[in-house]
Amino acid sequence: MIQDTTRFGLSPHYRLQWEESQQRFVMLYPEGMVELNGPAAEILKLCDGTRRFIDMVDTLETAFDTKGLRSDIEELVQAALGHGWITILS
Amino acid sequence: MAGLPSYPSGSPRWLLAELTYRCPLQCPYCSNPVDYAQHQDELSTEAWCRVFSEARALGAVQLGLSGGEPLVRKDLSTLIAHARELGYYTNLITSGYGLTEERIAELKSSGLDHIQISIQAPEKTLNDKLAGTESFEEKKAVARLIKTQGYPMVLCVVIHRENIHLMNEILEMATALGADYLELANTQYYGWAHLNRDQLMPTRAQFETAEAIAQAYKEKVKGQMKIYYVVPDYYEDRPKPCMNGWGTTFLTVAPDGLALPCHEARILPGLDCPNVRDFSIKEIWEESPAFKHFRHFDWMEEPCKSCPEKIKDFGGCRCQAYLLTGNMKATDPVCSKSPLHHTVEEAIHLAEQDRVSSAPKPLIFRNSGNSKTLG
Ligand code: SF4
Ligand code: SF4
């Protein structure tokens, strides 16, 4: 369950990296890679172990100067957890 | 042109660097070319570094370091450090044989991201028989060291008739070793595996039983261990989309510098693959006739030519088509629409005959002696 205070980190051995030649972020892991779209990359960048879920929502709503992103963010975070890209730290 | 499907295009994403054909083991299913002993003139450290830099500039981001046994290259750490600095995700694909605690630590400090080790079978006698070398206990010890040094534990087991009945034991071994990823790679019949096909190919019943066990286990360990299951396409009715499209995603560089659109492509007659000693990676990728050869649909013959599925599977594997039919432009005979599909059925039949024979053919081990005689 994702709560306001939940913190996320990239799973061990996963690397989020900007690819100049593709002009996008990719997620790298043993023998695999996922090419990320803009919003997914913005969210995953915030999964750095320091932010609570509520802070992530705040940061993104401020950055994009909009409200009501929470459910979209939650959906992506759930999917990322399901793929094993990120883990819950606390 | 409206209405005509366009072939995918792209820059290389994966670079497979086969650093050497030398290997202390002798697996009879090895995918290296049978004549590998003739191609021993390995690229230098500088040449490999240049290849890594040039491919990275084009967009390659996953780097596989394989062979042969990549550990025999004394400059492995130097190569890894260079690759890591360029931003590659570095994958070492090794038998694990000869890997010491110090070497693992050294590779780690060079920036290696992960190590995949292969084990031949879940028990000593069979493992050591298949490897042609006593190596089982050592491999298991190495698997544990990899884990304790903070790498993900990626275990690969190649599946064939000699070990397919041990699927349960293979899965238990992977769990006991704490594998984070398990690759169950059904043998693909290229190189030495093609030579030993009659002796290695499981029956359909064996394959179905093993697959059911593996799939059930996959569900059970979901979230703890990721299982990749590579299907044996002789029992499929559609071929695999070979290399994700020819010259679209993958670039292999062989030990002697030959640049290949697929790691088996050396066998294709007249393809004339370019060598990195003579051309830049950019020239090879964008201009070489070999990389352009199948990078479109125009080469196709019927039934692929007018088949709507060609945009999905690109007509299958060129090397498999060549090995089974002698024509590299033929529809991959794995496809049930292929007029030469019977060649696959014959191969299955020959393997079955060998399996029930009172005098089955011996496995031919991958070593320099055999390579010189048979290559
Ligand atoms: S498959 Fe076996 S023989 Fe071939 S390179 Fe790998 S470990 Fe060596
Ligand atoms: S005929 Fe060719 S393109 Fe059509 S499904 Fe078979 S292999 Fe694929």
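Notes on the structure follow. Since this is a predicted model, take the numbers as computed values, not measurements.

### Thoughts on the overall build of chain B
Reasoning step 1: Counting its secondary structure elements, chain B contains 15 helices and nine strands.
Reasoning step 2: For a compact globule of 375 residues, the expected C-alpha radius of gyration is about 21 Å, and chain B comes in at 20 Å, within 12% of that figure.
Reasoning step 3: Overall, chain B is about 55 × 55 × 45 Å in size when its C-alpha atoms are taken along their principal axes.
Reasoning step 4: Per-residue burial over chain B gives 57% buried out of 375 residues.
Reasoning step 5: A separation of at least 24 residues holds for 73% of the contacts in chain B among residues at least 6 apart in sequence.
Reasoning step 6: Summing over all exposed atoms, chain B offers an accessible surface of approximately 15,100 Å²; the carbon and sulfur share of this is 54%.
Reasoning step 7: Averaging the positions of the 39 positive and the 47 negative side-chain charges in chain B gives two centres separated by 2 Å.

### Re the environment of Arg366(B)
All names here are of chain B.
Reasoning step 1: Locating Arg 366 in the fold gives a position in the loop between helix H14 (342-356) and helix H15 (368-374).
Reasoning step 2: Note: C-alpha distance between Arg 366 and Ser 77 (289 residues apart in sequence) is 27 Å.
Reasoning step 3: If we ignore the near neighbours within four places in the chain, the residues touching Arg 366 are Tyr 21, Cys 23, Leu 25, Gln 26, Cys 27, Cys 30, Asn 32, Tyr 36, Gly 68 and Trp 192.
Reasoning step 4: A distance of 2.6 Å separates the side chain of Arg 366 from the side chain of Asn 32, its partner in a polar contact.

### Points about the interface of chain A and chain B
Reasoning step 1: Contact with chain A, which involves 15 residues of that partner, is made by 23 residues of chain B.
Reasoning step 2: Across the chain A to chain B interface the summed buried area is about 1,500 Å²; carbon plus sulfur atoms make up 48%.
Reasoning step 3: Where chain A packs against chain B, one counts 14 residue pairs in polar contact (both at pLDDT 80 or more).

### With respect to the site of ligand 1
Reasoning step 1: Around ligand 1, the structure places Cys23(B), Leu25(B), Gln26(B), Cys27(B), Cys30(B), Asn32(B), Gly68(B), Ser95(B) and Arg366(B).
Reasoning step 2: Partitioning the shell around ligand 1 into residue classes produces four nonpolar, four polar and one charged.

### Points about the side chain of Glu42(B)
Residue and element names in this part refer to chain B.
Reasoning step 1: By secondary structure assignment, the location of Glu 42 is in the loop between strand S1 (14-18) and helix H1 (45-58).
Reasoning step 2: A residue is classified by how much of its surface remains accessible, and Glu 42, at 18% relative accessible area, is buried.
Reasoning step 3: For Glu 42, the side chain forms a polar contact with the side chain of Arg 22, separated by 3.0 Å.
Reasoning step 4: Look past the residues within four positions of Glu 42 in its chain and what remains in contact with it is Leu 19, Thr 20, Tyr 21, Arg 22, Arg 73, Pro 255 and Arg 277.

### Some thoughts on the sheet that holds strand S3 (residues 89-94) of chain B
Residue and element names in this part refer to chain B.
Reasoning step 1: Across the sheet, which stays open at both edges, the nine strands sit in the order S7-S6-S5-S4-S3-S2-S1-S8-S9 with mixed pairing between neighbours. The outermost strands of the open sheet, each flanked by one partner alone, are strand S7 (226-230) and strand S9 (259-260).
Reasoning step 2: As paired elements, S1 and strand S8 (residues 250-253) share four bridges and run parallel to each other. Looking at the pairing, Leu 16 lines up with Thr 252 of S8.
Reasoning step 3: In this fold helix H6 (residues 167-176) packs onto strand S5 (153-159), strand S6 (181-186) and S7, with an angle of close to 165° to the strand it touches most, S5.

### Thoughts on the site of ligand 2
Residue and element names in this part refer to chain B.
Reasoning step 1: Close contacts around ligand 2 come from Arg 238, Pro 239, Pro 303, Cys 304, Cys 307, Glu 309, Lys 310, Asp 313, Gly 315, Thr 331, Cys 335 and Lys 337, and that covers them all.
Reasoning step 2: Applying the majority rule of atoms within 2 Å of the grid points places ligand 2 in the largest cavity.
Reasoning step 3: Looking at the shell around ligand 2 residue by residue, the classes come out as five nonpolar, two polar and five charged.

### Details of the pairing of S3(B)
All names here are of chain B.
Reasoning step 1: Along S3, five of the six residues are buried, which leaves the element largely enclosed by surrounding structure.
Reasoning step 2: What joins strand S2 (residues 62-66) to S3 is helix H2 (residues 76-86), and the crossover it makes is right-handed.
Reasoning step 3: When S3 meets strand S4 (residues 114-118), the two strands line up parallel, connected through four bridges. Across the sheet, Leu 92 pairs through a bridge with Ile 115, a residue of S4.
Reasoning step 4: Note that the unit made of S3, helix H3 (residues 101-110) and S4 has a crossover that is right-handed.

Thresholds, definitions, all that
- Residues numbered from 1 in each chain as written.
- Chains lettered and ligands numbered in written order.
- Predicted model: local features only at pLDDT ≥ 70, side-chain atom pairs only at ≥ 80, totals over all residues.
- Heavy atoms only, no water.
- Helix = DSSP H or I, 4+ residues; strand = E, 2+ residues; numbered from the N terminus.
- Rg over C-alpha atoms; globule rule 2.2 N^0.38 Å.
- Buried < 20%, exposed > 50% of the residue type's maximum accessible area, 1.4 Å probe, protein only.
- Contact = heavy atoms within 4.5 Å.
- Areas by Shrake-Rupley, 256 points an atom, 1.4 Å probe, with all protein chains shown as cover.
- Lys, Arg positive; Asp, Glu negative; His and termini not counted.
- Charge placed at Lys NZ, Arg CZ, Asp CG, Glu CD.
- Polar contact = N/O pair within 3.5 Å; in protein donor to acceptor, adjacent residues only side chain to side chain.
- Buried area = accessible area lost by both parts, 1.4 Å probe.
- Near = heavy atom within 4 Å.
- Nonpolar A, V, L, I, M, F, W, Y, C, P; charged D, E, K, R; others polar.
- Pairing = 2+ DSSP bridges.
- Axes fitted to C-alpha atoms, helices over the stretch in contact; angles between N-to-C directions.
- 1 Å grid on protein atoms, 1.4 Å probe; cavity = no way out; pocket = protein on both sides within 12 Å on 5 of 7 lines; lining within 4 Å.
- Sits in = over half its atoms within 2 Å of the grid points.
- Right-handed = clockwise from strand over helix to strand, strands pointing away.

Read these as geometric descriptors, not functional statements.
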